[in-house]
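Descriptive structure summary
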Amino acid sequence: MNYQETVNWMFKQLPMYQNQGKSAYKVDLSNTILLAKHLNHPEQHFKSIHVAGTNGKGSTSHMLASVLQEAGYKVGLYTSPHLKDFRERIKINGKEVSKKFVIGFIKRNLSFLEENQLSFFEMTVGMAFHCFKKQNVDIAIIEVGLGGRLDSTNIITPEISVITNIGFDHMQFLGRTYQAIAKEKAGIIKQQVPVVVGETQKQTKDVFIEMAQNKGSEIYFADQLVSRNFESDLKGNYQKHNIKTVVQTINVLNSQNNFHVSDLQLKKGLNNVVDNTGLKGRWQILQENPRVICDTAHNKEGLVYVIEQLKNEKYNKLHMVFGVVNDKDLDSILTLLPKDATYYFCKPDIPRGMDVHQLKTQFLLNGCFGDSYHTVNEAFNSALQKANSEDLIYVGGSTFVVAEII
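Residues numbered from 1 in each chain as written. Predicted model: local features only at pLDDT ≥ 70, side-chain atom pairs only at ≥ 80, totals over all residues. Heavy atoms only, no water.

**Considerations on the pairing of strand E5 (residues 139–143)**
Side-chain positions along a regular strand alternate between the two faces of the sheet. Quick reminder of the rule: Three labels apply to residues, based on accessible area from a 1.4 Å probe with only protein chains included: buried if under 20% of the type maximum, exposed if over 50%, partly exposed otherwise in between. In this text, helices come from DSSP runs of H or I with a minimum length of four residues, and strands from runs of E with a minimum of two, each type numbered from the N-terminal end. In short, DSSP must find at least two bridges between two strands for them to pair.
Here E5 lies mainly inside the structure; 5 of its 5 residues are buried. Alternating residues of E5 divide into Ile-139, Ile-141 and Glu-143 and Ala-140 and Ile-142, and every residue in both groups is buried. Relative to E5, strand E1 (residues 48–52) is paired through 4 bridges, and the arrangement is parallel. Bridge pairing in E5 places Ser-48 opposite Ala-140. Across 4 bridges, the pairing between strand E2 (residues 75–78) and E5 is parallel. Counterpart to Tyr-78 in the pairing with E5 is Ile-142.

What follows is the structure, given as structure tokens:
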């Protein structure tokens, strides 16, 4: 198989949450452990930082990688989902793994993967961990895919566990209260491994403290400990929380014997995230006249910051290219969204995408107005045609909407 055939084969392996949703959620780690054993336990051969949370875990992971790269370390970075190319998920010092590596890994392990019916996500985690071992990275930043306790990445014993925050997302898997979701995320806390929590939330604070105590782990709440303000090239207002999480994580890492990051390296890392790691889709300005901004925020807790930041932009009219996935709780976000914008409703090109007519109906019932389009690109092009140079176009609602126009 060539690269595209290899990736297509991977995508077809059931189940894959990105496409299917709930039927792709595994209830244990047995397959991942089986694959790790088959690969001679690569997860035991590199140091890591494990990053979970409802919002901000992708940005936080990329920031941490950037900072550690500036400090001269060889850094592995595993994140999900990808926007354009599968290889975005596995990087060494900001560079995607080669197509040859992806092809070779699947080819060598094909019979094992088929026999044991490994999912897309399980085999991708195995591939990443194998890569980090093979490349002899100094440290790998590992972003949780979904939840924490049962996530395929949760076979590592990291230097530090990081939990950015807790919000309502993926509730059909993780629970319907903040406390239940927090318990799932807290499942990444390991015995005597320090844990950094990004945001102190009264509904979840005690859950994390109790889990840390049970594991004999030091716990640090970044928003209570970091008072200095740091700049970043990631300009979303919500990044102020992620920056504090990163700063506290680096402080904890510095207190351990194996790593040292200077203040200058920390600042340079925070200011060069896009150049160092290739991160896209976070309050990203795609063009001017008219200004086009995209952001992958896709739930209430993420969108509240984005909508607030949109209010501070100067523009004549606001155009919103918007689509979501079908398990999204629309009621929780509709109250946040501006009523004076023109909406361009669309369905991201995945089976999980919400039907565009259903989306439009819900929005119209809530006092918004706009038209529906067959594809994301059709919606985006219509917005570009109708907007004048003084207007603002926002593209979002789902990572998968942003992926199609970026």
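**With respect to helix H16 (residues 356–365)**
Each turn of an α-helix holds 3.6 residues, which means side chains three or four residues apart point in the same direction. Put simply, the rule reads: In this context, the arc is that of the directions from the helix axis out to the C-beta atoms. Any two residues whose heavy atoms approach within 4.5 Å at even a single point are treated as in contact.
Within H16, the full set of buried residues consists of Val-356, Leu-359 and Phe-363. An end-on view of H16 places all buried positions within 60° of arc, on one side of the element. Among the structural elements, strand E11 (318–322), helix H15 (330–334), strand E12 (342–345) and strand E13 (369–372) are those in contact with the buried residues of H16.

**Here's the deal with the side chain of Ser-61**
Within the secondary structure, Ser-61 is located in helix H4 (residues 57–70). Dropping the residues within four chain positions of it, Ser-61 is found in contact with Val-51, Leu-77, Thr-79, Ile-141 and Glu-143.

**Let's talk about the environment of Val-197**
Here Val-197 is to be found in strand E7 (residues 195–197). Spatially, the C-alpha atom of Val-197 lies 6.1 Å from that of Tyr-220, the residues being 23 residues apart in sequence. When residues no more than four places from it in sequence are discounted, the contact partners of Val-197 are Ile-163, Phe-208, Ile-219, Tyr-220, Phe-221 and Ala-222.

**A short note on the packing of aromatic side chains**
Using the following cut-off: Here the aromatic set is Phe, Tyr and Trp, taking the six-membered ring for Trp, and pairing holds for ring centres within 6.5 Å; pairs whose planes are under 30 degrees apart are stacked, those over 60 apart are edge-to-face, and all others are tilted. Only when the NZ of Lys or the CZ of Arg is both within 6 Å of the ring centre and within 35 degrees of the ring normal is a charge said to sit over the ring.
Following the criterion strictly, the structure yields 11 aromatic pairs and no others. Between the aromatic rings of Tyr-78 and Phe-121, the centroid separation amounts to 6.2 Å while the plane-to-plane angle is 65°, which identifies the pairing as edge-to-face. Of this pair, Tyr-78 sits in strand E2 while Phe-121 sits in helix H6 (residues 120–134), placing them 43 residues apart in sequence. Note on accessibility: Tyr-78 and Phe-121 belong to one class, buried. Judged by centre distance (5.7 Å) and plane angle (5°), the rings of Tyr-343 and Phe-345 are stacked. Among the aromatic residues, ring-to-ring pairing joins Phe-322, Tyr-343, Phe-345 and Phe-363 into one connected group. The lysine or arginine in question, Arg-87, covers the ring of Tyr-3, its NZ or CZ lying 5.5 Å from the ring centre. Lys-205 extends its terminal NZ or CZ atom over the ring of Phe-221, reaching a point 5.9 Å from the ring centre.

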